[in-house]
Amino acid sequence: MEVSSVSMPMSSKKIIQFIPELDAGGAETVVKDYAIELHRQGYNVEVMVLLSNPNAANEKTIRNAGIPIVSLANSNQQASQHKIFEILHKINRDIEIRRNLKKHLHENHPAVLHVHLNCMRFIMGCSKELKDTKICFTCHSEPNAIFEQPGWRSLLENVSIRKYLKRGDLQIIALHKAAALQVDKIFNINTTTYLNNPLDIARFQMAAKERGHYRKQLGISENDFVLGHVGRFVPVKNHQFLVEVFASICERCENAKLLLVGSGVYLSSVQALLSKYGLAEKCIILSNRSDIPQLLAAMDVFCLPSKYEGMPVSLLEAQAAGKKCVVSNTVTKDVVVSNKVYYLGLNQPIHEWVDVILENNAIAEPCAQTLNDFDIATVCNNLLSLYFGNDGEDE
């Protein structure tokens with residue numbers, strides 16, 4: 001995609017980024033970077049979430065930048081332990097979210113509503129409130145994993161997307177060309193575009209200077225070998241496989257350590273597995289961090305054995321930090337922007353993963369793009385062209 005020059009807008013143009021929450025995930029990081037860069041360029045930006053989490057690192061960063069965050073649900077409401085009351089709680093919260101969403105859109109008249117993850121279903125009944133609003137939806141994962149899953153949530157997402165596509169008000173954004181073609185096929189359209197995830201490259205390159213300081217803070221010596229991973233503790237990230245790889249590394253490298261950055265429902269399961277292997281004392285687990293560039297600098301090798309991914313932000317960040325990256329071949333090769341990325345199959349023997357991680361005789365994947373193609377200013381200029389056209393003006 002060509003870079004378009006976008007003129008400075010009038011501050012009255014409101015852009016709302018709409019995402020379920022602002023925890024430490026790839027899509028959440030993208031929204032944080034969008035919001036901060038657009039705010040820096042003078043746009044009236046707001047981030048809207050289903051439920052606020054004041055302790056989330058991304059939320060703290062956005063608030064510290066002076067960008068408002070609107071929570072559509074009351075965080076003080078507690079779900080009941082009883083199944084029937086839990087269902088009623090979810091229904092009531094869903095009603096609350098839709099009511100507050102309609103009210104907020106009616107009162108603010110945003111020029112752009114950019115929807116992320118599984119929030120399209122919430123705007124299904126907001127046609128009137130979004131009459132003069134440009135709607136964008138970013139598909140942050142592989143399309144088949146989002147739109148072709150069983151369940152009522154996926155169904156409602158599909159219905160809402162088809163509704164706004166039919167109206168001609170929706171621009172779908174994928175993370176790479178192959179994903180864009182998949183979306184086109186699913187919805188029988190030819191209008192899906194693709195846009196790289198934004199990356200503040202300078203932050204990651206500058207953090208390399210703090211490598212020794214951060215390793216010392218984390219209790220990591222100069223001679224320790226650190227295998228690292230950044231991502232939620234969810235099944236798709238495949239932490240179990242990562243722990244098995246690390247266990248084999250420890251058989252060959254006594255001074256090995258594992259640095260895991262993230263949070264999620266499977267954290268306790270991963271901790272139990274580490275204890276089972278006797279590796280708990282060799283692992284450092286950190287959550288809600290805003291210093292990802294420095295933590296990446298502290299690593300020696302970044303490993304991403306995901307079962308599937310969209311355009312993984314963490315892998316881009318690891319490359320920006322200059323790390324050797326060993327990843328599963330389920331990850332798109334469009335994300336390769338350095339000569340330090342090595343692909344392996346999840347069905348390959350563990351010892352082959354260990355060989356590539358510890359040795360330097362494997363063949364790296366050729367670059368698909370350059371790191372500068374993901375530069376935050378370049379990506380946001382392309383995003384603004386989707387919002388307002390090449391001149392940065394509303395039609």
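Above this note sits the structure.
The present account deals with the structure reproduced in this document.

### Details of the overall build of the protein chain
Link 1 in the chain: Each helix and strand in the protein chain was counted, giving 14 helices and 13 strands.
Link 2 in the chain: Computed over the C-alpha atoms, the radius of gyration of the protein chain is 21 Å, within 12% of the 21 Å expected from 2.2 N^0.38 for a compact globule of 395 residues.
Link 3 in the chain: On the principal axes, the C-alpha backbone points of the protein chain span a range of 65 × 55 × 40 Å.
Link 4 in the chain: Across the 395 residues that make up the protein chain, the buried fraction comes to 54%.
Link 5 in the chain: A separation threshold of at least 6 residues defines the contact pool for the protein chain, and within that pool the share at least 24 residues apart is 68%.
Link 6 in the chain: Counting every atom, the protein chain has about 18,200 Å² of accessible surface; 49% of that belongs to carbon and sulfur.

### Describing the state of the cysteines
Link 1 in the chain: The tally for this structure, following the rule as stated, stands at zero disulfides.
Link 2 in the chain: Cys119 takes part in no disulfide bond, and the closest cysteine sulfur, belonging to Cys126, lies 12 Å away.
Link 3 in the chain: Assessed through its relative accessible area of 0%, Cys119 is described here as buried.
Link 4 in the chain: For Cys367, which is in no disulfide, the shortest distance to another cysteine sulfur is to Cys325 and amounts to 11 Å.
Link 5 in the chain: Among the residues examined, Cys367 registers a relative accessible area of 44% and is labelled partly exposed.

### Concerning the sheet that holds strand β5 (residues 134–138)
Strand pairing in a sheet relies on backbone hydrogen bonds, with the paired strands running either antiparallel or parallel.
Link 1 in the chain: The seven strands lie next to each other as β3-β2-β1-β4-β5-β6-β7, forming an open sheet whose pairing is parallel. Looking at strand neighbours, the two that pair on one side only are β3 (69–71) and β7 (193–194), the edges of this open sheet.
Link 2 in the chain: Examined bridge by bridge, strand β1 (residues 14–19) and strand β4 (residues 112–116) share four bridges and lie parallel to one another. From the neighbouring strand, Phe18 faces β4, where its bridge partner is Val115.

### A few points about unusual backbone geometry
Link 1 in the chain: Of note in this structure, His109 is not a glycine but carries a positive phi near 45°.
Link 2 in the chain: The exposure class assigned to His109 is exposed, which follows from its relative accessible area of 56%.
Link 3 in the chain: Residues other than glycine seldom take positive phi values, yet Asn288 does so here, at roughly 50°.
Link 4 in the chain: Residue placement: Asn288 occurs in the loop between β10 (283–286) and α11 (292–298).

### Quick look at a nonpolar patch on the surface
Link 1 in the chain: A grouping of Ile84, Ile87, Leu88, Ile91 and Ile95 is seen on the molecular surface, where their side chains present a nonpolar patch of about 440 Å² in accessible area.
Link 2 in the chain: Relative to the helices and strands, Leu88 resides in helix α3 (residues 83–108).

### What to know about helix α9 (residues 239–252)
Link 1 in the chain: For α9, which comprises 14 residues, the first-to-last C-alpha distance of 20 Å matches the rise-based estimate of 20 Å (1.5 Å per residue) to within 8%.
Link 2 in the chain: For α9, the set of buried residues is His239, Phe241, Leu242, Val243, Val245, Phe246, Ala247, Ile249 and Cys250.
Link 3 in the chain: Summarising the contacts, the buried residues of α9 are in contact with β8 (225–230), β9 (256–261), α10 (267–276), β11 (301–304) and α13 (350–358).

### Side note on the environment of Ser12
Link 1 in the chain: Position of Ser12 relative to the elements: it lies in the segment before β1.
Link 2 in the chain: On the basis of relative accessible area, Ser12 is assigned to the exposed category, the value being 58%.
Link 3 in the chain: Distance from Ser12 to Pro110, taken between C-alpha atoms, is 9.3 Å for residues 98 residues apart in sequence.

### Regarding the pairing of β4
Link 1 in the chain: Judged by how many residues are buried, β4 sits mostly within the fold: five of five residues are covered.
Link 2 in the chain: Residues Val112, His114 and His116 point to one face of β4 and Leu113 and Val115 to the other, with burial holding for every one of them.
Link 3 in the chain: Pairing between β4 and β5: five bridges, direction parallel. Bridge assignment links His116 to a residue of β5, and that residue is Thr138.

### As for the packing of aromatic side chains
Link 1 in the chain: Taken as a whole and assessed by the stated rule, the structure comprises five aromatic pairs.
Link 2 in the chain: With a centroid separation of 6.0 Å and 75° between ring planes, the pair formed by Tyr387 and Phe388 is classed as edge-to-face.
Link 3 in the chain: Overall, the relative accessible area of 5% leaves Tyr387 in the buried class.
Link 4 in the chain: We classify Phe388 as buried; its relative accessible area is 5%.
Link 5 in the chain: Looking at Arg203, its charged tip hangs above the ring of Phe204, at a distance of 5.9 Å from the centre.
Link 6 in the chain: Looking at Lys333, its charged tip hangs above the ring of Tyr343, at a distance of 5.5 Å from the centre.

Rules behind the numbers
Residues numbered from 1 in each chain as written. Predicted model: local features only at pLDDT ≥ 70, side-chain atom pairs only at ≥ 80, totals over all residues. Heavy atoms only, no water. Helix = DSSP H or I, 4+ residues; strand = E, 2+ residues; numbered from the N terminus. Rg over C-alpha atoms; globule rule 2.2 N^0.38 Å. Buried < 20%, exposed > 50% of the residue type's maximum accessible area, 1.4 Å probe, protein only. Contact = heavy atoms within 4.5 Å. Areas by Shrake-Rupley, 256 points an atom, 1.4 Å probe, with all protein chains shown as cover. Disulfide = S-S within 2.5 Å. Pairing = 2+ DSSP bridges. Patch = residues over 30% accessible without salt bridge, like charges linked within 9 Å, V, L, I, M, F, W, Y side chains within 5 Å. Salt bridge = Lys/Arg side-chain N within 4 Å of Asp/Glu carboxyl O. Expected span 1.5 Å × (residues − 1). Phe/Tyr/Trp six-rings, centres within 6.5 Å; stacked < 30°, edge-to-face > 60°. Lys NZ or Arg CZ within 6 Å of the ring centre and 35° of its normal.

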